[in-house]
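Letter by letter, the chains look like this.
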Amino acid sequence: MSHGNCYHCGQSVPTGVDLAVAIDGQARAMCCGGCQAVAQAIVANGLADYYRNRDALPNSPREALPEIAGGLQLFDHADFQKSFVRVLGDAGDRSEREASLILEGITCSACIWLNEQHLARLGGVTSVDINYATRRARVRWDERLIKLSDILAAIAAIGYRAHPYDPAKSEELARKERRRALWRLFVAGFGMMQVMMYAVPLYLAGDGEMTPEIAQLLRWASLVLTTPVVVYSAAPFFRNSWRDLRLRRVGMDVPVALGIGAAFTASVWATLTASGEVYFDSVTMFVFFLLSGRFLEMTARQRAVSVTEALAKLMPVAARRVRAYPDNREVEQVLAADLQPGDVVLVRPGETVPADGLVIEGESSTDEAVLTGESVPVSKCPGAVVTGGAVNIESPLLVEVKQVGEATRLSAIVRLMERAAAEKPRIVELADRIASRFIIALLFLAVAVGITWLYLDPAKALWITVSVLVVTCPCALSLATPVALTIASGAMARAGLLVTRSHAVETLAQATHFVFDKTGTLTTGRMQLLEVLPLGELDRARSLALAAALEGASEHPIGAALRNAAADRQLPAVDSLSNTPGCGIGARHGGRSVRLGRVDYVLALHDQPLPESAQALIAGGDTVVALGDEAGWLALFRIGDDPRPEAAAMVAALKAKGKQVVLLSGDALPAVHRVAQALGIEEVIAGASPQAKHDYVRQLQASGAVVAMIGDGVNDAPVLAQAQVSVAMGGGSQLARTQADLVLLSENLDHLLRGVDVARSSLRVIRQNLLWSFAYNLLALPLAMTGFVTPWMAGIGMSGSSLLVVLNSLRLQRAAAS
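Residues numbered from 1 in each chain as written. Predicted model: local features only at pLDDT ≥ 70, side-chain atom pairs only at ≥ 80, totals over all residues. Heavy atoms only, no water.

K.L.:
Is there a simple way to explain the overall build of the chain in this structure?
P.N.:
A tally of helices and strands in the chain yields 31 helices and 29 strands. By residue count, 52% of the 818 residues in the chain fall in the buried class. Within the chain, counting contacts between residues at least 6 apart in sequence, those at least 24 apart form 67% of the total. For the chain, the exposed surface amounts to about 35400 Å²; the carbon and sulfur share of it is 57%. (Helix = DSSP H or I, 4+ residues; strand = E, 2+ residues; numbered from the N terminus. Buried < 20%, exposed > 50% of the residue type's maximum accessible area, 1.4 Å probe, protein only. Contact = heavy atoms within 4.5 Å. Areas by Shrake-Rupley, 256 points an atom, 1.4 Å probe, with all protein chains shown as cover.)

Structure, rendered in structure tokens:
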């Protein structure tokens, strides 16, 4: 047994250490107990193929553990899973888990399909979604049936590596991917240039101008220079193809590897026998152009996902916590992950807010551009809400922490973006199915072409077959849709419109009807109490205090207006609170049932007619909220807010694009009409209950409309779910945000309009990409079959078509910025 290097991690075995593990029937030296335990776990789990198939050793013993995550029990520990695994389900059943992983070794959409199919067949795995552009995987499983280590082992068994997702690891893998790609590209480029130097004399020399010995010497020199290009630069093509064929599947690299392998093998044989033609120049050029296209595609892909990565890295590592505010203002530096609700932190100018909270001292402004897309700094004073990830600009702030970790707004945004990235739109699935079937048809066609040319002209059969294999590989088809959608999602996020569902971009572009809620959507939502009309035994102050008590837990803007108006009053006790969506709130107070909400909702409690003074108030056009008990009416509250300043221009722009704009609200008709007239909206539905809103949208859909619903609040959740695509305002209730397909983080309707433009542009770009992909294959295939396309030309054509698709998609970034 050798004591040179550790068989597991590659590090030197220290003197005096005598540890070993039997691998493939042979004792292998280990440098420490840790490597010994890991190696034993790998062998015991039947994963010894890891040692036979690995193409590199870990960089250090510390990295050896996650690199072979397959059989390690460490990944099943709850403490280790905290940063990348979420527990799903209710209190009664919390056995379902969801992990966010990043996959290494993905080269094409076939790799995505292979991993998804392989994991989906494991007992206990409930769903698998992998995004090609980000390499991010979202895996759900039942903890009672399968462990995370088993899932990671299954990924390793088919030749890929999975890591727990974190931004630093993602950036490190991206950097390693770029470095490896550059080295392979450099070797291919250097080999291509040198081989061409030897190929040109062979092409230009006339009969008798070059002796056979010199020609053979040039062939041998070309062979020597081409070998590292094939063995090193083209290695990923062969490795991925072998993996696909071993698993009885066909990926994008199979025809490429067949073409390179056939041309190189024939050239080696021709060199050894000093007969026939050699294609070393075509092989090196082909590999170089293919790697160039893939490198540029990889660079564009990494740029496209930069928005999500930037958001994930916004939270600072450390925070300045005030030891015992307000008695002791001494500041200590702690990890931001250790902050708890109720802690007070000091945020100096230029520093990032470490958690969601409330300003308790200081006045400043914060930069929330990355979070909301709004470039104008937001003023902050005592009582103002601050969001973790925002940057303090002017003066120090003392902030009381309210939400930390996964409960913060930033974490919710990142989670929603991850959900959208992991899901696969229908149009992407269709393109993948077409591409996979096209590859199989291509292989049969290449065999037929080769046989045909063997009869027609055996000297041309090989290179024509290679050209057919390469030129029509559907890489561009597989890239046409996912790259465009990823770039569009990133561009929309930078504009403040967060995509949370995979189909949202495509459907928003196709929307024919834009249906808006009123309060908090077309209006500012900053409602104010304008008038109180007492109608019973309570005076103005007591009526207002009771109404504020009933609205104590409400997130609706009307509830906030009542609470703000009664901020300096002692609120009475109420119990048995119940919320009837779209109607109001009921409770018990002083031994009697009370209701606050719509007039008809309160009327049903006592069935007493309204006095004339109340009728005049209702007819005024503002929102009126009624308060009553079992004996009769207690008060009416007139509440109003103003339309958003950009709303009228947004409505006009949508109508100019040929879209139908509808105002659908549960508020009274006069108040709704007043807003509709101010904004130029002709189609108005007022006084609609949640069920009526739901039925109205369904009726539009039945007539063929594609409905985009833009709303805010609990009352809008059912109709948001019914619409083909839904948009929630960023300040709306949590329920509305989880139901929506997009979230308008900035609450600026101009950004919604910009998102519509980006979505329409992305759909146009996808159609262009698909049209180009099909047109290219239809044009290139006959030319290759008839011998007009050489292998090196095929390499340029295939790489160029993929690159054209990526560059065309990148135009969406410029379109969004303009």
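Read on for the rest.
K.L.:
Sorry if this is basic, but what is going on with the packing of helix 21 (residues 540-550) against helix 22 (residues 557-565) here?
P.N.:
When two helices pack together, their arrangement is given by the angle between the helix axes and by the axis-to-axis distance. Running from N to C, helix 21 and helix 22 point in directions that differ by 135°, and their axes come no closer than 8 Å. By the criterion of interaxial angle, the relationship of helix 21 to helix 22 is oblique. Between helix 21 and helix 22 the crossing geometry is left-handed. Listed contacts from helix 22 to L544, A547 and A548 of helix 21 are L562, R563 and A565. Split into classes, the residues belonging to the contact of helix 21 with helix 22 amount to 5 nonpolar, no polar and 1 charged. (Axes fitted to C-alpha atoms, helices over the stretch in contact; angles between N-to-C directions. Parallel < 35°, antiparallel > 145°, perpendicular 65-115°, else oblique. Left-handed = near helix turned anticlockwise from the far one by under 90°. Nonpolar A, V, L, I, M, F, W, Y, C, P; charged D, E, K, R; others polar.)

K.L.:
Whenever I open this one, the pairing of strand 16 (residues 397-403) confuses me. Can you help?
P.N.:
The two faces of a sheet get side chains in turn, since along a regular strand they alternate between them. For strand 10 (residues 344-347) and strand 16, the ladder comprises 4 bridges, and the chain directions are antiparallel. By the bridge assignment for strand 16, V347 is matched with L397. Direction of pairing for strand 11 (residues 356-361) relative to strand 16: antiparallel, over a ladder of 5 bridges. By the bridge assignment for strand 16, G357 is matched with V401. (Pairing = 2+ DSSP bridges.)

K.L.:
In this structure, what is going on with the sheet that holds strand 14 (residues 385-386)? I would like to understand it.
P.N.:
Through backbone hydrogen bonds, the strands of a sheet pair up, either in parallel or in antiparallel fashion. A sheet is described by the order of its strands in space; here 6 strands give the open sequence 9-8-10-16-11-14, paired in antiparallel fashion. Single-partner strands in this sheet number two, and they are strand 9 (328-335) and strand 14.

K.L.:
Teacher, can you tell me more about the nonpolar core here?
P.N.:
Burial of nonpolar side chains together is a common tendency in soluble globular proteins. If you look at the biggest cluster of nonpolar residues, it comprises 48 residues, and the most contacted ones within it are L508, F514, F516, L522 and L742. The biggest single contributor to this core is helix 30 (residues 749-785), with 9 residues. Setting aside residues up to four positions removed in sequence, F516 forms contacts with T521, L522, M650, L654, V661, V662, L663, L664, M709, I710 and L752. The next biggest cluster of nonpolar side chains, apart from the first, holds 45 residues, and it includes A270, F286, M298 and A461. (Core = buried A, V, L, I, M, F, W, Y, C linked by side-chain atoms within 4.5 Å.)

K.L.:
Got a minute to help me understand the side chain of T524 in this structure?
P.N.:
Relative to the helices and strands, T524 is located in the loop between helix 20 (518-522) and strand 19 (528-534). Under the relative-accessibility criterion, T524 is labelled buried at 15%.

K.L.:
Got a minute to help me understand the pattern of salt bridges in this structure?
P.N.:
Side chains carrying opposite charge are able to pair once their charged atoms draw close together. Inspection of every chain in the model, using the stated rule, returns 20 salt bridges. R644 is paired through a salt bridge with E747; the nearest N and O atoms lie 3.5 Å apart. Here R644, found in the loop between strand 24 (632-640) and helix 25 (647-656), pairs with E747, found in the loop between strand 29 (742-744) and helix 30; they are 103 residues apart in sequence, far enough to count as distant. Three or more residues joined by partner-sharing salt bridges are found here, namely R321, R323, E330, E332 and D343. (Salt bridge = Lys/Arg side-chain N within 4 Å of Asp/Glu carboxyl O.)

K.L.:
Before we go on, may I ask you to explain the sheet that holds strand 15 (residues 391-392) in this structure?
P.N.:
Pairing within the open sheet is antiparallel, and its 3 strands lie in the order 13-12-15. The open sheet has two free edges, formed respectively by strand 13 (378-380) and strand 15, since each of these has just one partner strand.

K.L.:
Whenever I open this one, the packing of aromatic side chains confuses me. Can you help?
P.N.:
For any pair of aromatic rings, the description consists of the separation of the ring centres together with the inter-plane angle of the planes. As enumerated under the stated definition, the model contains 4 aromatic pairs in all. On the basis of an interplanar angle of 90° and a centroid distance of 5.9 Å, the ring pair of W183 and F186 is categorised as edge-to-face. A residue pair is termed a helical-turn pair when its members lie 3 or 4 positions apart in one helix, as W183 and F186 do in helix 7 (residues 167-204) at 3 residues. Measuring from centroid to centroid gives 6.3 Å for F186 and F190, while their planes differ by 25°, and the two rings are stacked. With F186 and F190 both in helix 7 and 4 residues apart, the pair spans about one turn of that helix. By way of ring pairs, the aromatic residues W183, F186 and F190 are connected into one cluster. (Phe/Tyr/Trp six-rings, centres within 6.5 Å; stacked < 30°, edge-to-face > 60°.)

K.L.:
Just checking my understanding: could you explain the side chain of T523 for this structure?
P.N.:
Residue position: T523 is located in the loop between helix 20 and strand 19. Excluding anything up to four places from it in sequence, T523 contacts K518, D641, D642, P643, R644 and V675.

K.L.:
Quick question: what am I supposed to make of helix 27 (residues 690-702) here?
P.N.:
Counting along an α-helix, one turn takes 3.6 residues, and residues three or four places apart therefore face a common direction. Compared with an ideal rise of 1.5 Å per residue, which puts 13 residues at 18 Å, helix 27 spans 18 Å between its outermost C-alpha atoms and is within 8% of the ideal. For helix 27, the complete set of buried residues consists of P690, K693, H694, Y696, V697, L700 and Q701. Projected down its long axis, helix 27 shows its buried positions confined to an angular sector of 160°, all on one face. Residues of helix 27 that are exposed and point more than 90 degrees away from the buried face comprise Q699 and A702. For helix 27, the elements touching its buried residues are strand 18 (513-516), strand 25 (660-664), strand 26 (683-685), strand 27 (707-711) and helix 28 (717-722). G704 lies just past helix 27 and shows a positive phi near 100°. (Expected span 1.5 Å × (residues − 1). Arc of directions from axis to C-beta.)

K.L.:
Please explain the confidence of the model for the chain as it appears in this structure.
P.N.:
As a general rule, the predicted coordinates of low-pLDDT regions are not to be interpreted in detail. With 82% of its residues at a pLDDT of at least 70, the chain reaches an overall mean of 79. The least confident element of the chain is helix 3 (residues 61-67), whose mean pLDDT is 38; the most confident is strand 18, at 94. (pLDDT = per-residue confidence, 0-100.)

K.L.:
Teacher, can you tell me more about unusual backbone geometry here?
P.N.:
Negative phi characterises most residues that are not glycine, and trans characterises most peptide bonds. Unlike most non-glycine residues, S576 shows phi in positive territory, near 55°. Considering the arrangement of structural elements, one finds S576 in strand 20 (residues 575-580). Positive phi is not limited to glycine here, since D607 has a value of about 60°. With respect to the helices, strands and loops of the structure, D607 is situated in the loop between helix 23 (599-606) and helix 24 (612-618).

K.L.:
Hey, could you run me through helix 25 in this one?
P.N.:
All of the buried residues along helix 25 are A647, M650, V651 and L654. Along the axis of helix 25, the buried positions cluster into a sector of 100°, meaning they face one direction only. Where helix 25 is buried, its residues meet strand 18, helix 20, strand 25, helix 26 (669-679) and helix 30. The first or second residue beyond helix 25 is G658, which carries a positive phi of 85°.

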